[in-house]
Number of protein chains: 2
Amino acid sequence: MPISGFPEVLPAQRFAELAVLDRLRTTFELHGFAPLETPAVESLDQLTRKGEIEKEVYVLRRLHADAGDDGNVELGLHFDLTVPFARFVLENAGRLEFPFRRYQIQKVWRGERPQQGRYREFTQADIDVIARDTLPFHHDVEVARVMAEALSTLDFLPPLRLQVNNRKLIQGFYTGLGAPDVAAVMREIDKLDKVPAEVVHRALIGTAGLTSEQADQCLALAQVSSADTSFVPAVEALGVKHELLAEGLAELAAVIEGCAGITGVTVEADLRIARGLDYYTGTVFETRMQGYESLGSVCSGGRYDSLASDGKVTYPGVGISLGVTRLLMPLFQRGELSTSRSVPSAVLVALPNEDDRAACDAIAQQLRARGIATEVAATPQKFGKQIRYAERRGIPFVWFPGDTHEVKDIRSGDQAVADPAVWTPPTEDLHPQVVFTEDIP
Amino acid sequence: MPISGFPEVLPAQRFAELAVLDRLRTTFELHGFAPLETPAVESLDQLTRKGEIEKEVYVLRRLHADAGDDGNVELGLHFDLTVPFARFVLENAGRLEFPFRRYQIQKVWRGERPQQGRYREFTQADIDVIARDTLPFHHDVEVARVMAEALSTLDFLPPLRLQVNNRKLIQGFYTGLGAPDVAAVMREIDKLDKVPAEVVHRALIGTAGLTSEQADQCLALAQVSSADTSFVPAVEALGVKHELLAEGLAELAAVIEGCAGITGVTVEADLRIARGLDYYTGTVFETRMQGYESLGSVCSGGRYDSLASDGKVTYPGVGISLGVTRLLMPLFQRGELSTSRSVPSAVLVALPNEDDRAACDAIAQQLRARGIATEVAATPQKFGKQIRYAERRGIPFVWFPGDTHEVKDIRSGDQAVADPAVWTPPTEDLHPQVVFTEDIP
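What you see is a predicted model; the values in this text were computed from it and never measured. (Residues numbered from 1 in each chain as written. Chains lettered and ligands numbered in written order. Predicted model: local features only at pLDDT ≥ 70, side-chain atom pairs only at ≥ 80, totals over all residues. Heavy atoms only, no water.)

1. A look at the interface of chain A and chain B
Part 1: Listed as interface residues are 89 residues of chain A and, on the opposing side, 89 residues of chain B.
Part 2: Together chain A and chain B conceal approximately 7,200 Å² of surface at their shared face, both sides included; 54% is due to carbon and sulfur atoms.
Part 3: Here chain A is connected to chain B by 14 salt bridges.
Part 4: A salt bridge links Glu74 of chain A to Arg61 of chain B; the shortest N-O distance between them is 3.4 Å.
Part 5: At the junction of chain A with chain B, the criterion picks out 39 residue pairs in polar contact (both at pLDDT 80 or more).
Part 6: Broken down by element, the residue count for the side of chain A that touches chain B peaks at 9 residues, all from helix H1 (residues 11-30) of chain A.
Part 7: The residue makeup of the side of chain A that touches chain B, split by class, is 40 nonpolar, 17 polar and 32 charged.
Part 8: As judged from the 5 bridges shared by strand E3 (residues 58-62) of chain A and strand E3 (residues 58-62) of chain B, these two strands associate in the antiparallel manner. Paired with Leu60 of chain A across the two strands is Leu60 of chain B, which belongs to E3 of chain B. (Contact = heavy atoms within 4.5 Å. Buried area = accessible area lost by both parts, 1.4 Å probe. Salt bridge = Lys/Arg side-chain N within 4 Å of Asp/Glu carboxyl O. Polar contact = N/O pair within 3.5 Å; in protein donor to acceptor, adjacent residues only side chain to side chain. Helix = DSSP H or I, 4+ residues; strand = E, 2+ residues; numbered from the N terminus. Nonpolar A, V, L, I, M, F, W, Y, C, P; charged D, E, K, R; others polar. Pairing = 2+ DSSP bridges.)

Structure, rendered in C-alpha cells:
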C-alpha cells in the first residue's frame, strides 16, 4: 500500500509533472536564474534555527549506527528550500556574484499528520534573488514577473490568480489609522479567508483594540483589489495618510505594472493578503487556483530584509515558491488532469514473425533517429492483438513493415503507405499531451 | 560546512548534471520507456526484505512524534530504485500492461561510512523491462542497446566501456569443466579486479576445489574479451562443452550484435564480469570509465528471473542502473568536467540609467521570446563595470541599448549594430556548454 502522505507519481502523471517542471525551468533560465541543488539533508542545527517548524522535521538515523561514526552531527530532511539556500549563501558568499539569482526544484519533507492537500513529501519550485547589504526594489518586480510568466506557460491548469500585496502598504495604513497594535490587526485580517467579515470586525475591536470606524476602514482596505493600478486611487479614497503607506502603494503599483501584458494568468493587487506569520517586509505573494480555492495558496513568497546573516553582513532577498505537488496531485485525484497516453511511444512497430525482429528494430531506429518514440511489439501475435495492445497504452500509430510499409492511425483507422525515412506523426501526437478535462465525471 | 557524503551541486555543475539527465531521459523515452517516480521512503519491511543491505538504511523519525500517529509503520529512505520498483509492480500488477518498460531517475540514500567515490546521497538512472511469468530474451538486447545509446549521448565524458557477460555462459563453463562448487569459482573470479591472477589461481585450487589445469582454464576464460563476436570461437577453443555454456554464448553474442553500430561508447563481451554476489541469472552488465577505473562499475545490471513475486505470480526482468552522481562528482572534483558559465544568461543588457530600466527590460523580453536567456544589469554602473560583471559570470554578450543597439562579444571584443527583434547568438553560446578538459591542472 502507498504510505499516507507520500504520493507516488504514475507514468501518465509523471509526464504531466515533467511538462510542468520543464516549462518552469525554461522560463527561470530565460531570465538568468541559475540552477542549484542542495542535499536533501541539513544538520538539525540548521533546520531548527527558526524554532516554530521544529516538530515537522524528519530526523535520520542509520538502522545500525556505529557509535560515534557520524561525528555527532544529527541530520534531518529539509522541510523547505529557503533554509538550505540561506545556508548555501552564507557558506559560499565569498565566491558568489551578487545579486545572485537561483532556482531550485526539489522535494521537501514534513513530518505532518497527513490531511487533505497536505503531503509529507512534495516538490517545490523556488526562485530567489539575493544580494549583499541592499537589494534594489526592482527585483521584487522581476520575481513577480518571472513566476507569472512561468505560471502562464502551464496552460493546461485551471486559471491561476497571482495576488500581490505589500506589507509596508498595510502597516502604513494601520499605523496612519492610529491602530495601537499593527501586528494584531494583520493577524485578524489574515483570517478573512476562513472567517466571516463580521467576526473579523468584532476581533479587530476586541483583540486588536480598534474603534468600530477603524475596523470598518481596515475591512474596506482588505476589500480593495484590481488587476491594474486602479487600486491606488481606491486606497487613497479611504483618506488615510502615512509615509509607509505611500511607499507601499508605489511599490505595489510598480509590481502590477511590471506584470502587464502577461496573458493566461491573472496578476492582481489584493490588499487582503498579509502572510501575517511570516518574515516578509515588503512585497508579498499568494496564488489561488480556480475551483481549488480550498487548497489555499499554491505559490507564495515575498521580500525579506534578511534571508541570511552571519552577524556582520546581511543578505536581503525576494523570492517565491511554487508547490508543484500541491498544485498537481489534487488535479490528478479528481481526474481533471491527465495525459494522452501512459507511454512515450508514438509508434508501435508490428512484428509479423520473430525472424523479422531485426528488420523491425531497424525501422524503429529510423523513426527514433528523427525523434519519434517507438517500440517494437514484444511477440509476433496476430495483428489484431498487436493493435489492441497499442490501443490499451494509447499509442496512436501502428507500423506494418513490408516491401511497402504502411502506418495505421488506430484512432481513425486510416492506414496509408509510409516511408520510415521520412514519415512523421502530427506534432500533437509526437509526445504525450497533458490534458485538462474539467468534465470527466 | 557541507555534510560528508552529501554532495552539493553548484550551478555550473548542475548544468552538466541536467544535461546528462536530459539526454538520458530523451533516449529512454525514444525507446518507449515510461517515467515513474516513487516516494523517497518505503516501509522498513520492504527495505529490509533482502537482509544484507540492512545496515545501510536511513530510518526516519519525526522530531516530536506523537504516540502512535504514524500507525506504527516505520519508514526508511530507499537505498536503490529496484526495491521500490518491485513493490510498485506487485501493487499495480492488475493495471499494468506487460512487458512494462520504465525508467526512474531519482536520488537514493545509503547510511554508509563516506569514503572516496561513495556517497550517502546520490542520483541513479535506472531502466528495467519487466513481464509476468516469462520475459523474452530479446529484452536483454534491448536494455543493453538503450543504455549504450544513452551513454553514447554523454559525449563530454571520458570514454565508457559497457562490459557484458552471461551467467549461464560462465556457470556452464565451470560445470562442463567439472568444478565441484560453481558458486565458489565465481566468487574467486570476481576478485580478479583487485587481486593478482596468481592469487586467484591459488584460491581456485584451495577454496573452490579445482585442479591446477581447471584453474588455468577458468583464468583463460576470464581473459577472453572482444567488442565483436570473436569471443565465441575463442571460448570454444578452450574445449569445454555444456548445454548452458552454449546457451550463454548465443545470448551474449546476440547482445553484442544488437549493440553493433553504436559509436562513442564501447560495448564488449568481457568474460571476467560475474557480479557474483547478485541475483542475476543470465546477462550481466558493468561499465568502466577510462581514467576512473578505481571507481569500479558506474553502470551495472542484468537479467533476473524474479524481480518480484507475490507467491503465485513471478515477474522476471532485465535492467541496468547508471550511477549519475558516482560518474559526475569525481569529474567535478578533479576539475575535468565543467560548464562554460555558471549562469544561463547568454546576454547582459547594459543599463545606462535607472530611468532606462523599462526600455532595457523590453529588449530583454524580445530576446527571451526567441529563447535567448537574458538578464538586465542590476544597477546603472559605468559600462566598464557592467562588462566586468558579465565577464565574471561568463556571460558572452553585453547589449548596449540606444537609438541603434549594439552588441559586444566580450571574449573577442567585437561590437556590432544589432536588432533585438532578430539578433541571435551562435548556437554554441545559447546555453552553457558542458566542457571536458582533461588537461586542467
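Continuing now.
2. A short note on empty space enclosed by the protein
Part 1: Scanning the model with the defined rule gives 3 cavities of 30 Å³ or more in all.
Part 2: Size it by volume and the largest cavity reaches roughly 780 Å³.
Part 3: The wall of the largest cavity is formed by 36 residues, among which Arg14 and Ile105 of chain A together with Arg14, Glu37 and Ile105 of chain B lie closest to the centre.
Part 4: Elements supplying a minimum of two residues to the lining of the largest cavity: H1 and strand E5 (100-109) of chain A together with helix H1 (11-30) and strand E5 (100-109) of chain B. (1 Å grid on protein atoms, 1.4 Å probe; cavity = no way out; pocket = protein on both sides within 12 Å on 5 of 7 lines; lining within 4 Å. Points joined across faces, edges and corners; volume = space filled by probe spheres on them.)

3. A few points about the pairing of strand E6 (residues 121-130) of chain B
Residue and element names in this part refer to chain B.
Part 1: Among the 10 residues of E6, 10 are classified as buried, and the element is accordingly described as predominantly covered.
Part 2: In the sheet, E5 pairs with E6 via 10 bridges, with the strands oriented antiparallel. Of the residues in E6, the one forming a bridge with Phe100 is Ile130.
Part 3: Where E6 meets strand E12 (residues 314-323), 7 bridges bridge the pair, whose relative direction is antiparallel. Residue pairing for E12: Asp126 is matched across the bridge by Ser321. (Buried < 20%, exposed > 50% of the residue type's maximum accessible area, 1.4 Å probe, protein only.)

4. Digging into the relation of the copies chain A and chain B
Part 1: Between the two copies, chain A and chain B, the superposition gives an RMSD of 0.0 Å; the rotation angle is 180 degrees and the shift along the axis is 0.0 Å. In the structure described here, the two chain copies are related by an operation that fits a two-fold rotation axis. Relative to the rotation axis, the closest C-alpha in chain A is found at Leu60 of chain A, a distance of 2.5 Å. (Least-squares fit on C-alpha atoms with pLDDT ≥ 70 in both.)

5. Some details on helix H4 (residues 138-152) of chain B
Part 1: Taking 1.5 Å of rise per residue, the 15 residues of H4 of chain B would be expected to cover 21 Å, and the 21 Å separating its terminal C-alpha atoms lies within 8% of that figure.
Part 2: With 14 of 15 residues buried, H4 of chain B is to be regarded as a mostly interior element. (Expected span 1.5 Å × (residues − 1).)

6. Let's talk about the packing of aromatic side chains
Part 1: What the rule picks out here adds up to 25 aromatic pairs over all chains.
Part 2: With a centroid separation of 5.6 Å and 50 degrees between ring planes, the pair formed by Phe28 of chain A and Tyr103 of chain A is classed as tilted. Taken together, the residues span a long stretch of sequence, with Phe28 of chain A in helix H1 and Tyr103 of chain A in strand E5 at a distance of 75 residues.
Part 3: For Phe28 of chain A, a relative accessible area of 0% corresponds to the buried category.
Part 4: Members of the aromatic cluster, joined through ring pairs, are Phe85, Phe88 and Phe100 of chain A.
Part 5: Above the face of the Phe85 of chain B ring, Arg102 of chain B is positioned so that its terminal group lies 3.9 Å from the ring centre.
Part 6: A cation over a ring is seen here: Arg334 of chain B above Tyr292 of chain B, with NZ or CZ 3.9 Å from the ring centre. (Phe/Tyr/Trp six-rings, centres within 6.5 Å; stacked < 30°, edge-to-face > 60°. Lys NZ or Arg CZ within 6 Å of the ring centre and 35° of its normal.)

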